[in-house]
Every structure is written in C-alpha cells, then in structure tokens.
Amino acid sequence: YQRRVHGGCLISISCKRRFMANCSTATLLAAALLVLLSSVHAVEPREQATLQSKKKKKPTYEVVKYYDRPSPQYYTQGLLFVDDNTLLESAGRYQHSQIHLLDLGTMRTNHKHKLSDKYFAEGCDLVSVNGEDKVVQLTWRERKFFVYDKNLNLQRKENYPAQIQEGWGLSHRVDMENGQKVTNLYMSDGSNQIHVLDPSTFELKRSLSFYHDGKPLKMLNELEFVNSKLYANVYLSSKIAVLDVDQELVERFLVGWTS
C-alpha cells in the first residue's frame, strides 16, 4: 500500500483470502493486499532486460464489506489481521505515531501505545519469536525497532543494523536454512533492497537487490508474503511488484486499484 496516505474508511477484499485496507480520496491503502496470484509470467535473469511480454490475465477480487472509519484519521503505515475481527495498525507522523489494535465490530482502538514525539512510526508485523507472539514496529529515520508483546506492552527497543538507514515495510516468512525451519523478517527501506533479519536479535543475515529493465527497482515499500512470493508496492505508483526472494527476481507487476 502507499505509505503516505491518510485513511477515511476501511475496505475488505476477498480473493481466496480476505484482506483489509485503508482508503482515501487519492488511493486505497494496502493495495499490495488487493490481489493474489493470477497466471505466472516468465522471468528473465534479474539484471537483464525486461520481463517477457505475454497476454496478461487481470487479477480478480471481490469487495465483500466496507467499514466506515470514525475520526481521527490515522496516517496508516502498517496494517494486518490479528484475527478475523481485529487489525494491528501502526500509524505514523511525528507527534502522532502510535500502534494499536482495531476492533472491526466496534471500530474502537484497544491497547494503544503512543510513541515519543521524536519518532515516525512505519510498518509492523506480528511474528513468533521463540514460541511467543511478538509485535515488531519500525520507525522511519530514527533507526529503531520497537518490540511489544501481543497486548502491545513495550518490551524493548533495538537499533537497526548499520547497513539500514530507514524503515519502511515489514513482513516475515518461514525459510529453510541448513535443513531447519527458521523464521526471518523481511524489511524494506525505500531502495531496491529487501533486508533479511533474525527476529530475535535483529542481526542482518543478507540483503536482496531487485532490478527491472536493468535498473534498480527502487521505492519498495509495504511488504506481504502470498504463497511464498513477496508482494511489494512501489511507493508513489499503483504498481505492486511480485518478488521471488529465493531467486532474487522480479516476477511481474500487478496494478493496484486507484479509484
């Protein structure tokens, strides 16, 4: 989804899975969640020219429900389901940043934690760390991870690795490493790189670089994994890049709903 967008209402999308997004007069938040895989397109090596042109099938989706959102309108940066009736939302802007749970039945926020005025909150994720559910929240240029328990009690803050200067989007996936299943965080910073981190220590394991038409695919923003592919919206566009993080390739693009 676009990261600098104010929300006016909530919209629920169904396409094999259901997703939630914020919408505004300019664009719908969480466009990365609107669509799932359609046909898989052939992919060239990552630093070579363009993706093969094939006849494209339009992804389909169904709007199953709208949720009117009362004031205040949050500057949503991270948004994901905790359960069928609860969203975890990270809201940004200096002096207004916070994280909370949003009850879709009452549209009330619960377990709210407000950040200090010096922080600009960004993406967030709910991830299991050593058998316990943890909420990880990013900050934009302050280079801090905020770690909470599932009720959003702040437990600690950690610095970003030296190689990462900004925090934008966050997701996670269970990967196979040395024959073992390991949970990794995947983090964007507005460049063409996706950083892979240990969710316990925030140690940087590796950084992946993505190219399209021989050029770095910059402004990768909000992240969501769908069927092991990483969906990343391209900030300031309606494009959603479908990334193969195992091959370090841009598979194809989806176009978000802009009206």
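What counts as what
Residues numbered from 1 in each chain as written. Predicted model: local features only at pLDDT ≥ 70, side-chain atom pairs only at ≥ 80, totals over all residues. Heavy atoms only, no water. Helix = DSSP H or I, 4+ residues; strand = E, 2+ residues; numbered from the N terminus. Buried < 20%, exposed > 50% of the residue type's maximum accessible area, 1.4 Å probe, protein only. Contact = heavy atoms within 4.5 Å. Areas by Shrake-Rupley, 256 points an atom, 1.4 Å probe, with all protein chains shown as cover. Pairing = 2+ DSSP bridges. Axes fitted to C-alpha atoms, helices over the stretch in contact; angles between N-to-C directions. Salt bridge = Lys/Arg side-chain N within 4 Å of Asp/Glu carboxyl O. pLDDT = per-residue confidence, 0-100. Polar contact = N/O pair within 3.5 Å; in protein donor to acceptor, adjacent residues only side chain to side chain. Core = buried A, V, L, I, M, F, W, Y, C linked by side-chain atoms within 4.5 Å. Phe/Tyr/Trp six-rings, centres within 6.5 Å; stacked < 30°, edge-to-face > 60°. Lys NZ or Arg CZ within 6 Å of the ring centre and 35° of its normal.

Overview of the overall build of the protein chain
Helices and strands together make up the secondary structure of the protein chain, namely 0 helices and 21 strands. Evaluated residue by residue, the protein chain yields a buried proportion of 53% over its 259 residues. Across the protein chain, every contact between residues at least 6 apart in sequence was considered, and the portion connecting residues at least 24 apart equals 48%. When the accessible area of the protein chain is evaluated, it comes to approximately 12200 Å², of which 46% is carbon and sulfur surface.

What to know about the sheet that holds strand E8 (residues 121-129)
The 4 strands are arranged E8-E9-E10-E11 in an open sheet whose pairing can be described as antiparallel. The sheet is open, and its two edges are formed by E8 and strand E11 (154-159), each paired on a single side. Each neighbouring strand pair of the sheet contributes to a mean axis angle of 25 degrees, computed without reference to strand direction. As judged from the 4 bridges shared by strand E9 (residues 132-139) and strand E10 (residues 144-148), these two strands associate in the antiparallel manner. By the bridge assignment for E10, Val136 is matched with Val147.

Observations regarding the pattern of salt bridges
Under the criterion given, the structure shown has 13 salt bridges. Residue Asp175 is joined to Arg173 by a salt bridge in which the shortest nitrogen-to-oxygen separation is 2.5 Å. Shared partners join several salt bridges into a network, and the residues in it are Arg173, Asp175, Glu177, Lys205, Arg206 and Asp246.

A look at the confidence of the model for the protein chain
This prediction gives the protein chain a mean pLDDT of 81; 75% of its residues lie at or above 70. With pLDDT under 50 throughout, residues 1-55 is counted as low confidence; its partners more than four residues away or in other chains account for 191 contacts.

Some words on the environment of Glu158
Take Glu158: it is sitting in strand E11. You can call Glu158 partly exposed: its relative accessible area is 28%. In sequence terms Glu158 and Val147 are 11 residues apart; their C-alpha atoms lie 8.0 Å from each other. Each residue touching Glu158, except ones within four places of it in the same chain, is listed here: Arg143, Lys144, Phe145 and Phe202. Looking at Glu158, its side chain comes within polar contact range of the side chain of Arg156, at 2.9 Å.

Quick notes on the sheet that holds strand E20 (residues 239-244)
Taken in spatial order, the 4 strands line up as E18-E19-E20-E21 in an open sheet, and their pairing is antiparallel. Every other strand in the sheet has two partners, leaving strand E18 (220-226) and strand E21 (249-255) as the edge strands with one partner each. Across the sheet, the mean angle from the axis of one strand to that of its neighbour is 30 degrees, orientation sign disregarded. Here E18 pairs with strand E19 (residues 229-234) via 5 bridges, running antiparallel. Counterpart to Leu220 in the pairing with E19 is Val234.

A word on the nonpolar core
Counting 17 residues, the largest nonpolar core has Ile194, Phe210, Leu220 and Leu243 as the members making the most contacts within it. Residue assignment for this core shows that the elements contributing at least two residues are strand E14 (193-197), E18, E19, E20 and E21. The residues contacting Leu243, other than those within four sequence positions of it, are Ile194, Phe210, Leu220, Lys229, Leu230, Ala232, Leu249 and Val250. Counting 14 residues, the second-largest nonpolar core is a separate cluster that includes Phe145, Val147, Ile164 and Leu204.

What to know about the packing of aromatic side chains
A full pass over the atoms with the stated rule returns 9 aromatic pairs. Look at Phe146 and Tyr148: their rings are 6.4 Å apart centre to centre, the planes differ by 20 degrees, and that puts the pair in the stacked class. Since its relative accessible area comes to 2%, Phe146 is described here as buried. Each member of the aromatic cluster is reached from another via a ring pair, and the members are Tyr75, Tyr94, Phe120 and Trp140. The positively charged end of Lys239 is found above the aromatic ring belonging to Phe253, 5.3 Å away from the centroid.

Describing unusual backbone geometry
One non-glycine residue with positive phi stands out, namely Leu152, at about 65 degrees. Secondary-structure assignment places Leu152 in the loop between E10 and E11. Unlike most non-glycine residues, Leu236 shows phi in positive territory, near 70 degrees. Within the secondary structure, Leu236 is located in the loop between E19 and E20.

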